[in-house]
Amino acid sequence: MAKISVVTTMVVVMGLVLAAGVNCQQLSPFFYFRTCPQALPAIRAAVFAAVSQEPRMGASLLRLHFHDCFVNGCDGSVLLDDTPTMTGEKGSLANANSARGFEVIDRIKSAVDRACGGSVVSCADILAVAARDSVVALGGPSWRVQLGRRDSTTASKDAADNNLPSPFSSLATLISSFQSKGLNARDLVALSGAHTIGQAQCRFFRTRIYNDTNIDPQFASSLQGSCPASGGDNNLSPLDRFTPTRFDGAYFGNLMSRRGLLHSDQELFNNGTTDQIVRSYSFNPRLFSADFATAMVKMGNLSPLTGTSGQIRQNCRRISVLSALLLVMGLVFASGVTCQQLSPFFYFRTCPQALPVIRREVFSAVAREPRMGASLLRLHFHDCFVNGCDGSVLLDDTPTMTGEKNSLANANSARGFEVIDSIKSAVDRACGGSVVSCADILAVAARDSVVALGGPSWRVQMGRRDSTTASIDAADNNLPSPFSSLATLISSFQSKGLNARDLVALSGAHTIGQAQCRFFKTRIYNDTNIDPQFASSLQGSCPASGGDNNLSPLDSTPTRFDGAYFAKLMSRRGLLHSDQELFNNGTTDQIVRAYSFNPRLFSADFARAMVKMGNLSPLTGTNGQIRQNCRRVN
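First, a word on what this report is: a plain description of the structure on this page. Fair warning: this is a prediction, and the values are worked out from it, not measured in the lab.

1. A word on the overall build of the protein chain
Along the backbone of the protein chain there are 28 helices and four strands. Here the C-alpha radius of gyration of the protein chain, 26 Å, is about what a compact globule of 634 residues would show, namely 26 Å. Buried positions account for 52% of the 634 residues belonging to the protein chain. Of the contacts made within the protein chain by residues no fewer than 6 positions apart, 76% connect residues no fewer than 24 positions apart. Counting only carbon and sulfur atoms, one obtains 54% of the accessible surface of the protein chain, whose full area is about 26,700 Å². Placing the 60 positive and 49 negative side-chain charges of the protein chain at their respective mean positions leaves the two points 3 Å apart.

2. Regarding the side chain of Lys496
Checked against the element boundaries, Lys496 lands in the loop between α21 (486-494) and α22 (500-507). The charged side chain of Lys496 is buried without a salt bridge, its nearest counter-charge being Glu404 at 10 Å. A polar contact of 2.5 Å, which involves the side chain of Lys496, links it to the side chain of Asn478.

3. Some details on the nonpolar core
Residues Leu379, Leu394, Ile420, Ile423, Leu582 and Phe606 are the most contacted members of the largest nonpolar core, which totals 73 residues. In contact with Leu379, other than residues within four places in its own chain, are Val393, Leu394, Ala414, Arg415, Gly416, Phe417, Ile420 and Leu442. If you look at the next biggest cluster of nonpolar residues, it comprises 72 residues, including Ala59, Phe102, Trp143 and Ala295.

4. Describing helix α24 (residues 532-539)
Listed in full, the buried residues belonging to α24 are Phe534, Ala535 and Leu538. End-on, the buried residues of α24 take up no more than an arc of 100 degrees, which puts them together on one face. Of the residues in α24, the exposed ones pointing more than 90 degrees away from the buried face are Pro532, Gln533 and Ser537. Taken together, the buried residues of α24 touch α23 (521-526), β4 (551-553) and α25 (564-570).

5. Notes on the pattern of salt bridges
Scanning all chains against the criterion turns up 30 salt bridges. Between Arg246 and Asp248 there is a salt bridge, with its nearest N and O atoms 3.4 Å apart. Residue Arg246 is classed as partly exposed on the basis of its relative accessible area of 48%. Salt-bridge contacts for Asp421 lead to Arg631; the nearest nitrogen and oxygen are separated by 2.6 Å. Placement of Asp421 in helix α18 (residues 417-431) and of Arg631 in the segment after α28 (599-614) is noted, with a sequence separation of 210 residues between them. Judged by its relative accessible area of 25%, Arg631 falls in the partly exposed class. Here the salt bridges share partners, and the residues they tie into one network are Asp81, Lys90, Asp106 and Arg317.

Calculation criteria
Residues numbered from 1 in each chain as written. Predicted model: local features only at pLDDT ≥ 70, side-chain atom pairs only at ≥ 80, totals over all residues. Heavy atoms only, no water. Helix = DSSP H or I, 4+ residues; strand = E, 2+ residues; numbered from the N terminus. Rg over C-alpha atoms; globule rule 2.2 N^0.38 Å. Buried < 20%, exposed > 50% of the residue type's maximum accessible area, 1.4 Å probe, protein only. Contact = heavy atoms within 4.5 Å. Areas by Shrake-Rupley, 256 points an atom, 1.4 Å probe, with all protein chains shown as cover. Lys, Arg positive; Asp, Glu negative; His and termini not counted. Charge placed at Lys NZ, Arg CZ, Asp CG, Glu CD. Salt bridge = Lys/Arg side-chain N within 4 Å of Asp/Glu carboxyl O. Polar contact = N/O pair within 3.5 Å; in protein donor to acceptor, adjacent residues only side chain to side chain. Core = buried A, V, L, I, M, F, W, Y, C linked by side-chain atoms within 4.5 Å. Arc of directions from axis to C-beta.

Here it is as structure tokens:
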């Protein structure tokens, strides 16, 4: 990680100390120290009682926390029952007739609320603490649980289906899934070690014991009696055959003997990049315990709701209507606290000149080179899709950090950095210092670029702060590929909370700009869903060999923001494979038609989707910093 200046660090630390009285807390192991010191002992007592009655419950509670955190963050959404207007996560592929322990969480919640004299502790925090105490109850390590999460007011079956790792996944898919959550390969192996306890249903390992070749034959045969080739889907087998109710390192020994129960388990030891980690944990259980605890803390920090976000549910299975009303009222009157939500008026007092200056600089840059509008818009998109809209795409590499500029999607392709530098200098001069973040400059510059090329406008939400690090791996794993299928694109967008309509609307940004030959060469020579004359017309500037950086326009009007892009798709003239996937006898065809016939609808939906994308995981309050130079941390 890049070094942060001592002054910035001191300011952040002082801010955290002084912020103890406002409603925008960071997570802390001492969060309930004053409001309910009895909370943690009450959770521990209830968990130990439940595990004593049924040892398998320890694994079930641990799994609930994992399945909660991997779907839009650790927010207790996995606990919500379906309603007439919401299909939650309990019915998802990974959870239906499988996730369990909900009644234990209900009992813990009741016990904690009695101890605290009311609903003080969130269901999300109860899940996190119960997971830790379950591991301890079965002989595993302990760790300090960070607390202060609040509960979501919604849940999504689609998000669960698209985010929870499958027991049929390959190693590459598992690594990619974990990396998209900021977890590395070591975290993947350590957290998979949770399968040293618990059981799995036949439907999740049948394919492995009948079809996989990297399995001990005797082990496979021993399982086929309770898991027949047909039927018995819900029959159970222990994930760790010998000690399924003791948290130890035997799971890794099983993998080395080709006795992993799930396909995804054995993938961790299958002549791949994680083999050595499995060996080290098998030979050194203490190392596994330490790394597991570290990874659990890391996973527990995934996108928590804090401050005034979300609510504290009174019943973990449903949202609290009164809390929701109080939350709305709190947001209305919270404009005076120091930990602001994003707002279009964020700089109204501190630098009212900021937006006019950005607009002037963008219009000037686009007038000089119309293509620059598309480049600035793309920078904002590539920023937001990698760990949120935090300006990380702008950071140069350092000796200790390889950033996003050299990722597959950005290397020799992303551009406009010098324009952002110019805008930053102009804004800082107008504001008398570094008041406006680079992340906010990107967001406003994207809007102004669209307007400069004749497109719609929208109110940009502001108040983002800048990250102090960047990651080439995160960029490679999160940025959609121009070679993606429709299913992959939908899944990628859904993982960011964006639906299929947002996908099509945002893809309409390709109504401006150009693309390099290397990104569409395969399409014009190999794809069949392409107009032959269109393909032939491109082959002169994009030969089958060489010319990788040669440019072609994404749309017939590449310097005018209009709806021509969608008409091109309907004529099989999408430049990129991923473009044409939006209109290829799939689920998004009708949206493409609608936008082609109604450009105003496209403009309205594009503006809404840009606001939605701009809200992806921003750093606010005392998180991050306001960079003085967008290319490096202070």
